[in-house]
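Letter by letter, the chains look like this.
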Amino acid sequence: MPYQPDEPFAVDEPVVSRLRPKQVVVRLAAERNRFLGALLHGDCPIFLDTNVLLWGFGLNEQASEVWQRWLWQLRRRLVIPAWVVHEYNQLSDKAEILSPYKTLSRKLQVVLDELKASSARALDGAAAVSVGCTSKIDLERRLAEATNFIVNVAKSVSRNDSGHRMELLKFYENLLLEHALSSDVHELYRQARVEFDARSAARLSPGGEDARKPQNSCGDFIIWKELLQHCAEIGAGQALFISNDVKEDWCYKPARIVLDNGKEIAWSSEAAGDLRLPNPDLVAEFQRYTKGEDIVFATVQQVVDALGSTDHNVIDAATYTYLAQAAQSTRTPTDRVVDWIQSSEALYMEGLRGVAFWDRSPGEVDQEKFQEWCRDRLNDSDIPFDKVDWSNVFVALYL
């Protein structure tokens, strides 16, 4: 049995820059609220890492337009560290960035050819029946059809590489001119080299895992220093840092999480998603520099999940449908209904001109008839209608 003190430990009021231990147990609801507060409901600065900018090059044209609109709407909240601009300049003209899917069909063809040859050698008639085919000939036929379909999809993905990515380049150019910090990158690097080796040797965050990189080993540390300096200068007591870099020299996974129903379980990606907490030494350093309280870390996936969620952003959720689909966000049944209708202009307009039409007040809409219309039009889907919040569907689409 673990030791249980007669009286609970006394917890002091928050002390600026006090180094605290890693949290063993966190409540998902509390961490979700911290994140949503920083992203949707606050006015704290939002910092982007280089990998977030590069992530955008993988999006299709519709999703890219939504992504660009969100970034632009952040206005003064959006902050791009100067070192991020430096890293972006080194990478943005690379073929693998501008055409991330160019070689996809060739790579797939190699794998599929190997699968075809392997199945011909290894599988007999009984094995073909075991995977749902009538014979080995039927297996080969169906495998050939599937291969042709997959390769055609891959070729379509590859053909989608040009055009809108050049537009994204132009957008990023204007965005960085507008929102990049004016830090002197040469001086930043000079100062970082003085401090970085000692910090990484002491395993102080961030950058320790990059210490042996032949190039840009202290890039994370420079970005972190810019974040601290900017927040201190503008008096920001909270900041949101969006990055797909979840290395241990930035953040950690709590050992256990408390679900919304109160049940405590071991951390799992299925339950916690991309949840990570900033390392305690980073939190303490942020507090010391800014006299503030909180630095929130999030991945792009967490951001897109929140923006497109009818649970957390119901008024604007429909406008992020294409981005959420491209990012393969976790979608609730309510989200899926919104996605289905929003993705079909004809269906959306049918609702707008018919059952969801209102003139002076949304109260004019008969919600029961609206639900019936949705169920009828989505009858061929596999959405569990009994788990849909129909009022949120209406708000997201037609309010």
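In what follows, the structure referred to is the one given above.
What counts as what
- Residues numbered from 1 in each chain as written.
- Predicted model: local features only at pLDDT ≥ 70, side-chain atom pairs only at ≥ 80, totals over all residues.
- Heavy atoms only, no water.
- Core = buried A, V, L, I, M, F, W, Y, C linked by side-chain atoms within 4.5 Å.
- Buried < 20%, exposed > 50% of the residue type's maximum accessible area, 1.4 Å probe, protein only.
- Helix = DSSP H or I, 4+ residues; strand = E, 2+ residues; numbered from the N terminus.
- Contact = heavy atoms within 4.5 Å.
- 1 Å grid on protein atoms, 1.4 Å probe; cavity = no way out; pocket = protein on both sides within 12 Å on 5 of 7 lines; lining within 4 Å.
- Points joined across faces, edges and corners; volume = space filled by probe spheres on them.
- Nonpolar A, V, L, I, M, F, W, Y, C, P; charged D, E, K, R; others polar.
- Pairing = 2+ DSSP bridges.
- Axes fitted to C-alpha atoms, helices over the stretch in contact; angles between N-to-C directions.

> Would you mind showing me how to read the nonpolar core here?
One broad rule of soluble globular proteins: the nonpolar side chains tend to lie buried together. If you look at the biggest cluster of nonpolar residues, it comprises 67 residues, and the most contacted ones within it are Trp-70, Tyr-172 and Leu-240. For this core, the element with the most residues is helix H11 (residues 219–234), which contributes seven residues. If we skip the residues at most four places from it in the chain, Trp-70 touches Leu-39, Ile-242, Val-303, Leu-307 and Tyr-320. Val-365, Cys-374, Val-388 and Tyr-398 belong to the second largest nonpolar core, which has 20 residues in total.

> Quick question: what am I supposed to make of the layout of surface pockets here?
Rolled over the atoms, a probe sized like a water molecule indicates the empty space that remains. Roughly 830 Å³ of volume is contained in the largest pocket. Around the largest pocket sit 33 residues that line it, and Arg-32, Ala-272, Gly-273, Asp-305 and His-312 are the ones nearest its centre. Of all the secondary-structure elements, those providing two or more residues to the lining of the largest pocket are helix H1 (28–41), helix H12 (269–272), strand S8 (277–278), strand S9 (294–298) and helix H14 (300–307). At six residues, H1 tops the list of elements feeding residues into the lining of the largest pocket. Looking at side-chain class alone, the lining of the largest pocket contains 12 nonpolar, 10 polar and 11 charged residues.

> Quick question: what am I supposed to make of the environment of Gln-109 here?
Note on placement: Gln-109 falls in helix H6 (residues 104–122). By relative accessible area, which is 28% here, Gln-109 ends up partly exposed. In this structure the C-alpha to C-alpha distance between Gln-109 and Val-151, which are 42 residues apart in sequence, comes to 6.7 Å. When sequence neighbours within four positions are dropped, the list of residues in contact with Gln-109 reads Thr-147 and Val-151.

> Help me understand the sheet that holds strand S7 (residues 264–266), please; the structure alone is not making it clear to me.
Pairing within the open sheet is mixed, and its three strands lie in the order S1-S6-S7. Edge positions in the open sheet fall to strand S1 (25–27) and S7, since each of these has one partner strand only. When the angles between neighbouring strand axes are averaged without regard to direction, this sheet yields 30 degrees. Relative to strand S6 (residues 256–258), S1 runs parallel, the two sharing three bridges. Counterpart to Val-25 in the pairing with S6 is Arg-256.

> What am I meant to see in empty space enclosed by the protein here?
Enumeration over the complete set of coordinates arrives at two cavities of 30 Å³ or more. Estimated volume of the largest cavity: approximately 80 Å³. Lining the largest cavity, in full, are Phe-241, Ser-243, Asp-245, Val-246, Cys-251, Asp-274, Arg-276, Phe-297, Ala-298, Thr-299 and Gln-302. Its residues placed into classes, the lining of the largest cavity shows five nonpolar, three polar and three charged. Roughly 30 Å³ of internal volume is contained in the second largest cavity.

> Help me out: how do you make sense of unusual backbone geometry in this one?
Negative phi is the rule for most residues except glycine; trans is the rule for most peptide bonds. Residue Pro-206 follows Ser-205 across a cis peptide bond; omega there is -10 degrees. For Pro-206, the position within the fold is in the loop between helix H10 (185–201) and H11. For Arg-203, which is not glycine, the phi dihedral falls at a positive 60 degrees. For Arg-203, the position within the fold is in the loop between H10 and H11. For Gln-328, which is not a glycine, the phi torsion comes out positive at approximately 55 degrees. Mapped onto the elements, Gln-328 comes out in the loop between helix H15 (321–326) and helix H16 (333–342).

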